[in-house]
Amino acid sequence: EGINTCFAARSLGSPHDSEEIVGASVAWILENHPQEFDLEMAHTNYPYDYNNAMNILLCQELAQYNHLLGCIKTSLKDIQRAAAGTVVKSEKLEAIEEAIGFGRVPEVWLRRSYLTTKPLSQYTADLTKRVNFFRGWLEAQ
């Protein structure tokens, strides 16, 4: 539902202008955006041990996801600030906004992300599932 409604409104030629649709999409993504991992807790529960490569892999993956999640959150908040007029809208923000408007994953996110060809709505759902998988792994300890 949520983000798909925003994209459906755009594709059906809704009277909403693209800035409203992008704004609604940004708000929805931020509202449903997973929290970053507590890396300190992860290192405590899964310390680096050269006899257990899985601990090293887990902590490295969590750090990479935190980098991606932080990038997404920062760029979305910057778009909201630009819409409010509190920051200048850069070319980078315009590119992110355009991608969101067309239901694509912004290039700046893809550079930090796992490989995917999914549209934005499916990407956000998949990212949440992946983060929840790792969160479950952490909480199982």
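Residues numbered from 1 in each chain as written. Predicted model: local features only at pLDDT ≥ 70, side-chain atom pairs only at ≥ 80, totals over all residues. Heavy atoms only, no water.

Re the overall build of the protein chain
Here comes step 1: Looking only at helices and strands, the protein chain has 7 helices and 0 strands in total.
Here comes step 2: Across the 141 residues of the protein chain, 38% fall into the buried class.
Here comes step 3: With the model as given, the accessible surface of the protein chain reaches about 8600 Å², and the carbon-plus-sulfur share is 51%. (Helix = DSSP H or I, 4+ residues; strand = E, 2+ residues; numbered from the N terminus. Buried < 20%, exposed > 50% of the residue type's maximum accessible area, 1.4 Å probe, protein only. Areas by Shrake-Rupley, 256 points an atom, 1.4 Å probe, with all protein chains shown as cover.)

Observations concerning the nonpolar core
Here comes step 1: Leu76, Ile100, Trp109, Tyr123 and Leu127 are the most contacted members of the largest nonpolar core, which has 31 residues in total.
Here comes step 2: When residues of this core are traced back to their parent elements, those giving at least two are α2 (18-31), α4 (53-84), α5 (91-101), α6 (107-110) and α7 (120-140).
Here comes step 3: When residues in this core are grouped by element, the largest group, 11 residues, is from α4.
Here comes step 4: Not counting residues up to four positions away in its chain, the partners in contact with Tyr123 are Leu68, Ile72, Val105, Trp109, Ser113, Tyr114, Thr116 and Lys118. (Core = buried A, V, L, I, M, F, W, Y, C linked by side-chain atoms within 4.5 Å. Contact = heavy atoms within 4.5 Å.)

Overview of the packing of aromatic side chains
Working definition: an aromatic ring pair is given by the centre-to-centre distance plus the angle between the planes.
Here comes step 1: Applying the stated rule across the entire model yields 6 aromatic pairs.
Here comes step 2: The structure contains a cluster of three or more aromatic residues connected by ring pairs, namely Tyr65, Tyr114, Tyr123, Phe133, Phe134 and Trp137.
Here comes step 3: The ring of Tyr114 has Arg130 lying over it, and the distance from NZ or CZ to the ring centre is 3.7 Å. (Phe/Tyr/Trp six-rings, centres within 6.5 Å; stacked < 30°, edge-to-face > 60°. Lys NZ or Arg CZ within 6 Å of the ring centre and 35° of its normal.)

Focus on the environment of Glu36
Here comes step 1: Mapped onto the secondary structure, Glu36 falls in the loop between α2 and α3 (39-45).
Here comes step 2: Residue classification places Glu36 among the partly exposed residues on the basis of a relative accessible area of 43%.
Here comes step 3: In sequence terms Glu36 and Gly70 are 34 residues apart; their C-alpha atoms lie 7.3 Å from each other.
Here comes step 4: Beyond its immediate stretch of four places on either side in the chain, Glu36 contacts Asn66, Leu69, Gly70 and Arg135.
Here comes step 5: Here Gly70 takes part through its backbone nitrogen, which lies 3.4 Å from a polar atom of the side chain of Glu36. (Polar contact = N/O pair within 3.5 Å; in protein donor to acceptor, adjacent residues only side chain to side chain.)

Let's talk about the confidence of the model for the protein chain
Here comes step 1: In this model, the protein chain carries a mean pLDDT of 89, and residues with pLDDT of at least 70 account for 87%.
Here comes step 2: Element-level pLDDT for the protein chain is lowest in helix α1 (residues 2-11), with a mean of 50, against a maximum mean of 97 in α6. (pLDDT = per-residue confidence, 0-100.)

Here's the deal with the pattern of salt bridges
Here comes step 1: Counted according to the given criterion, the structure contains 4 salt bridges.
Here comes step 2: Residues Lys89 and Glu97 are paired through a salt bridge, measuring 2.8 Å at the closest nitrogen-oxygen approach.
Here comes step 3: A salt bridge links Asp126 to Lys118; the nearest nitrogen and oxygen atoms lie 3.8 Å apart.
Here comes step 4: Exposure remark for Asp126: the relative accessible area of 15% places this residue in the buried category. (Salt bridge = Lys/Arg side-chain N within 4 Å of Asp/Glu carboxyl O.)

Quick word on the side chain of His33
Here comes step 1: Its location among the elements puts His33 in the loop between α2 and α3.
Here comes step 2: With relative accessibility at 11%, the residue His33 sits in the buried group.
Here comes step 3: In contact with His33, not counting residues within four places along its chain, are Leu69, Ile72 and Lys73.

Regarding the side chain of Glu97
Here comes step 1: With respect to the helices and strands, Glu97 occurs in helix α5.
Here comes step 2: When neighbours within four sequence positions are excluded, Glu97 is seen to be in contact with Val22, Ile79 and Lys89.

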